[in-house]
Every structure is written in structure tokens, then in C-alpha cells.
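As a plain string of letters, each chain reads:
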Amino acid sequence: MLIARFLVLSLAAGITAGAMAFAQTPAPARVRGTISSVDAGELRVTSRSGDTVALKLPADATVTIIEPIAIDAIKPGSFIGTAARTQPDGTLRALEIQVFPELMRGVGEGNRPWDLGPDSSMTNGTVGTLEKLTDGRTLTLGYKGGEKTVIVPAGAPIITYEPGSRAALSPGAHVIVTATRNPDETLTAVRVGVGKDGLVPPM
């Protein structure tokens with residue numbers, strides 16, 4: 001429980017700090033790929049485009065484990081996030097769904113642009129209505145200031161989080177790193193999400 005609370009506080013602090021910094025600096029950088037090497041102060045990631053990205057790895061960087069979860073974990077009242085593409089009718093077609101543990105409720109709430117392709121966004125909120133379909137789910141996702149209708153197609157990755165440690169940062173692990181860009185253009189890792197048992201983070 002203490003570890004889970006630490007995770008939530010760390011994520012919340014990171015998001016709050018990121019929101020404050022957003023008004024002054026460019027949006028945080030995201031690096032997706034596979035760890036090529038790691039030591040006490042540096043993380044190197046081979047990105048999906050094949051480039052090697054070096055990131056400073058401070059002692060207070062948060063590590064979380066990303067693991068699959070059944071689609072039935074999405075229920076009315078669940079707090080979830082979805083990277084999605086906007087469809088012509090204004091609905092969102094989910095590229096993935098993140099089912100947050102209860103202690104992470106409220107993390108990153110809202111709707112904002114995302115970098116997972118054209119017209120992609122990230123929306124975190126609370127599930128309202130939910131309709132189970134033979135080929136997925138249709139749900140409403142409410143957040144402060146708005147609501148979206150989300151189509152979850154069959155086969156969309158559904159994941160959740162658990163606390164992690166630096167021991168999970170090993171060569172070959174698939175990661176998504178949220179980083180800050182320093183004045184000298186170097187990157188500093190703030191949060192590292194590590195796919196469990198070879199999972200590729202879908203967000």
C-alpha cells in the first residue's frame with residue numbers, strides 16, 4: 001500500500017510539475033523503444049525508428065510496470081485513459097485503453113493532443129455509460145469540462161499499471177519514457193513505463 005501511494009504521489013507530482021512547466025517550456029518529450037543500456041545515471045533507448053536516444057536518469061525518476069488486463073476491467077465508474085483518433089463524427093476510436101488502479105484516479109484528467117499519429121489525442125476520465133458489443137465496447141468518458149464518446153474496437157490493447165523499480169530497467173525491455181528537454185537539448189527521464197514480460201507499451 002505504501003508503495004502504491006508513493007507511485008501515485010510521484011506520478012501526480014510529475015504531472016503537476018509538467019503542467020506548470022508546459023506554460024513556460026515545450027511539452028514533455030516521449031521516447032518509445034527498447035532499452036539498449038542502463039547505468040546509474042543514464043538510460044539509452046533504441047527508438048522505434050532505430051535511433052539511439054540517451055537520457056539522463058535521475059535517482060527520483062518514477063518507474064512503473066505496464067501489464068495487460070482483460071477488457072471486462074472497463075466498467076461504469078472506472079477511471080481510464082485512452083490514446084485515440086478522432087473520427088469524422090467527433091467520436092474517438094481507441095488505439096489503446098489504460099485502466100488506472102483506484103489510487104491513480106484523477107491522474108492526467110482531461111483531453112489533450114497526443115503524438116501517436118495524425119489526429120490522435122489522450123483522454124483521461126471516468127466511464128459513464130458502457131455498451132458491450134460483440135466486437136468491442138462503446139462508452140462515454142467524462143472529465144472536468146467535457147465528455148467524449150469512445151469506440152473500443154476488438155483487439156485494442158487494454159493495460160493497467162503497477163509500481164516498479166529500477167530493477168525493471170534492463171536491456172531488451174520495451175519502454176515509453178516521458179522526459180524533459182534541457183536547455184542544452186539533452187533529455188532527462190521523468191517517468192519510465194516498462195512493458196511486463198515483453199509487452200510493448202501501446203500508448
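Every value quoted in this text rests on a predicted model; they were computed, and no experiment measured them.

Undergrad: For this particular structure, what's the right way to read the pairing of strand 4 (residues 62-68)?
TA: In the case of a regular strand, side chains alternate between the two sheet surfaces. Within strand 4, six of the seven residues are buried, which leaves it mostly tucked inside the rest of the structure. Bridge count for strand 4 against strand 13 (residues 187-195) is five bridges, and the pairing is parallel. By the bridge assignment for strand 13, I66 is matched with G195. In terms of strand pairing, strand 4 meets strand 11 (residues 158-163) through five bridges, oriented antiparallel. Bridge assignment links E67 to a residue of strand 11, and that residue is T160.

Undergrad: Looking at this model, I keep getting lost on the pattern of salt bridges. Mind explaining?
TA: Oppositely charged side chains may form a pair once their charged atoms are brought near each other. All chains considered together, the criterion is met by eight salt bridges. In this structure, the salt-bridge partner of D72 is R137, at a minimum N-O distance of 2.7 Å. Taken together, the positions of D72 in the loop between strand 4 and strand 5 (79-86) and R137 in strand 9 (residues 136-143) put the pair 65 residues apart, joining distant regions of the chain. For E185, the salt bridge is made with R181, and the minimal N-O distance between the two is 3.8 Å.

Undergrad: Help me understand unusual backbone geometry, please; the structure alone is not making it clear to me.
TA: Peptide bonds are trans in most cases, and residues, glycine excluded, mostly fall at negative phi. A positive phi angle, near 75°, is found at E185, a position not held by glycine. Checked against the element boundaries, E185 lands in the loop between strand 12 (174-181) and strand 13. Judged by its relative accessible area of 53%, E185 falls in the exposed class.

Undergrad: Can you walk me through the pairing of strand 11 in this structure?
TA: One ladder, built from two bridges, connects strand 6 (residues 92-99) with strand 11; its direction is parallel. Bridging across to strand 11, Q98 finds its partner in I159.

Undergrad: I would appreciate a short explanation of the packing of aromatic side chains in the present structure.
TA: Taken as a whole and assessed by the stated rule, the structure comprises two aromatic pairs. Ring plane angle 40° and centroid distance 5.5 Å describe the contact between F79 and F100, whose orientation is recorded as tilted. Taken together, the positions of F79 in strand 5 and F100 in the loop between strand 6 and strand 7 (110-113) put the pair 21 residues apart, joining distant regions of the chain. Take F79 and F100: they sit in the same class, and that class is buried. Taken together, a centroid distance of 5.6 Å and an interplanar angle of 15° make the contact between F100 and Y161 stacked. On the criterion of sequence distance, the pair formed by F100 in the loop between strand 6 and strand 7 and Y161 in strand 11 is long-range, its members being 61 residues apart. Y161 matches F100 in its accessibility class, with the two residues each being buried. Site record: aromatic cluster; members linked through ring pairs are F79, F100 and Y161.

The rules behind these values
- Here the residue index of a chain counts from 1 through its sequence in written order.
- Where totals are concerned, whole chains, interfaces and linings use all residues; where local detail is concerned, this predicted model gives features only for residues with pLDDT of at least 70, and gives and counts side-chain atom pairs only at 80 or more.
- The side-chain values count all of the structure's non-hydrogen atoms but skip hydrogen atoms and water molecules.
- Note on exposure labels: buried denotes an accessible area under 20% of the residue type's maximum, exposed denotes more than 50%, and partly exposed covers the range between, all computed with a 1.4 Å probe on protein chains only.
- In this text, helices come from DSSP runs of H or I with a minimum length of four residues, and strands from runs of E with a minimum of two, each type numbered from the N-terminal end.
- Following DSSP output, two strands are said to pair if at least two bridges run between them.
- For this analysis, a salt bridge means a side-chain nitrogen from Lys or Arg found within 4 Å of a carboxyl oxygen belonging to Asp or Glu.
- Between the rings of Phe, Tyr and Trp (Trp by its six-membered ring), a pair exists once the centres lie within 6.5 Å; its type follows the angle of the planes, with under 30 degrees stacked, over 60 edge-to-face, and the other angles tilted.

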